[in-house]
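Topology and contacts: notes
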Amino acid sequence: MKRILLIEDERNLSRYMELELRHESFFVMVASDGYMGLELALKEDWDAILLDLMLPGLDGIEVCRRIRLSKKTPIIMLTARDSVRDRISGLDSGADDYMPKPFAIEELFARLRVIFRRQEDQAEEHKSTLVYQDLRLNLDSRIVCRGNKQIDLTKREYDLLVTFMKHTTHVLTRESLLDKVWGFDAVVDTNVVDVYVRYLRNKIDAPGETSYITTLRGIGYVMRK
């Protein structure tokens, strides 16, 4: 169930929106002034915030700015003021979208769906991409880049890099790397791990800079954040 915070002081509109959102299976909490809305926005996690521009206590622009200091929660600003200047002020304060009143509730639902799809796409992309400093590895496409430069790796080098990037800060012994990359039943010596770490370093490290993969003598290797 998606969690929506509605910050709106107009009682009839607030009640109408609350009922419609609940009917669409959203969990809804309502705040009727800027200070209460800000407190709830910062104290709890929300999937989206519907924020009126003109609020008692603290206006929507200031509420939005303060939320943005610590949270990236999607915010749709709602207001009867529809000038270009007002829209720009709302978006510049950190709002993701801006809806002038009066609006059709179906349009609000559609805009929420767009926001939630974007969140899901970003979450999926995040799951499929490993990042270490300026090194990026996409698990779906198997593309590895350092900065804007794509790096070509063999299958074994790629599997070795995936293991390191999935276990950053974890010390990996040669035996554990052999198990994870070559398989527990591989008939190879642990020295082969050193050879492939060297191959990998030659491709991902920048000349003259400290290697991304640190050697711990007598133990193994680690990628440290």
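Below is a summary of the structure that appears in this document. (Residues numbered from 1 in each chain as written. Predicted model: local features only at pLDDT ≥ 70, side-chain atom pairs only at ≥ 80, totals over all residues. Heavy atoms only, no water.)

**Quick look at the packing of helix α6 (residues 155-166) against helix α7 (residues 174-182)**
Taken N-terminus to C-terminus, the directions of α6 and α7 make an angle of 120 degrees; their axes are 9 Å apart at the nearest point. As judged from the angle between their axes, α6 and α7 are oblique. As α6 packs across α7, the resulting crossing turns out to be right-handed. Only L177, K180, V181 and W182 of α7 make contact with α6, whose side of the interface consists of R156, D159, L160, T163 and F164. Here the contact of α6 with α7 is built from residues that sort into 5 nonpolar, 1 polar and 3 charged. (Axes fitted to C-alpha atoms, helices over the stretch in contact; angles between N-to-C directions. Helix = DSSP H or I, 4+ residues; strand = E, 2+ residues; numbered from the N terminus. Parallel < 35°, antiparallel > 145°, perpendicular 65-115°, else oblique. Left-handed = near helix turned anticlockwise from the far one by under 90°. Contact = heavy atoms within 4.5 Å. Nonpolar A, V, L, I, M, F, W, Y, C, P; charged D, E, K, R; others polar.)

**Brief notes about unusual backbone geometry**
Of note, the amide linkage connecting K101 to P102 takes the cis form, showing an omega dihedral of -5 degrees. One can find P102 in the loop between β5 (97-100) and α5 (105-128). Despite not being glycine, Q133 shows a phi value in the positive range, around 50 degrees. A positive phi angle, close to 75 degrees, is found at T169, a residue other than glycine. Among the structural elements, T169 can be located in the loop between α6 and β10 (172-173). The exposure class assigned to T169 is partly exposed, which follows from its relative accessible area of 47%. (Buried < 20%, exposed > 50% of the residue type's maximum accessible area, 1.4 Å probe, protein only.)

**A closer look at the pattern of salt bridges**
With the rule as written, the count across this model stands at 16 salt bridges. The salt bridge involving E18 is made with R22; its shortest N-O contact spans 2.9 Å. Placement of both E18 and R22 in helix α1 (residues 11-23) is noted, with a separation of 4 residues, approximately one turn of the helix. Relative accessible area serves as the criterion here: at 13%, E18 is assigned to the buried category. Taking the relative accessible area as the measure of exposure, R22 reaches 38% and is therefore partly exposed. A network of salt bridges, in which partner residues are shared, links E8, D52 and K101. (Salt bridge = Lys/Arg side-chain N within 4 Å of Asp/Glu carboxyl O.)

**Focus on the pairing of strand β1 (residues 3-7)**
The element β1 is extensively covered by neighbouring structure, given that 4 of its 5 residues are classed as buried. Note: β1 against strand β2 (residues 27-31), 5 bridges, orientation parallel. Within β2, the residue paired with I7 across the bridge is A31. Bridging between β1 and strand β3 (residues 48-52) involves 4 bridges; their strand directions are parallel. By the bridge assignment, L6 is partnered in β3 with L50. (Pairing = 2+ DSSP bridges.)

**Things to note about the side chain of R174**
Turning to its location among the elements, R174 is positioned in helix α7. On the basis of relative accessible area, R174 is assigned to the buried category, the value being 18%. In this view, R174 contacts T190, V193, D194, I219, G220 and Y221; residues no more than four positions away in its chain are not counted.

**Describing the packing of α7 against helix α8 (residues 191-204)**
One can describe the packing of α7 onto α8 by two numbers: an axis separation of 9 Å at closest approach and a directional angle of 75 degrees. It follows that α7 is roughly perpendicular to α8 by the angle criterion. Seen from α7, the contacting residues are R174, L177, L178 and W182; seen from α8, they are V192, V193, D194 and Y196. Counted by class, the contact of α7 with α8 contains 6 nonpolar, no polar and 2 charged residues.

**Let's talk about the sheet that holds strand β11 (residues 214-216)**
In spatial order, the strands read β10-β12-β11; together these 3 strands make up an open sheet with antiparallel pairing. Two strands in the sheet have a free side with no partner beyond their single neighbour: β10 and β11. Pairing analysis gives 2 bridges linking β10 to strand β12 (residues 220-222), with the strands arranged antiparallel. Its bridge partner lying in β12, L172 is registered against Y221.

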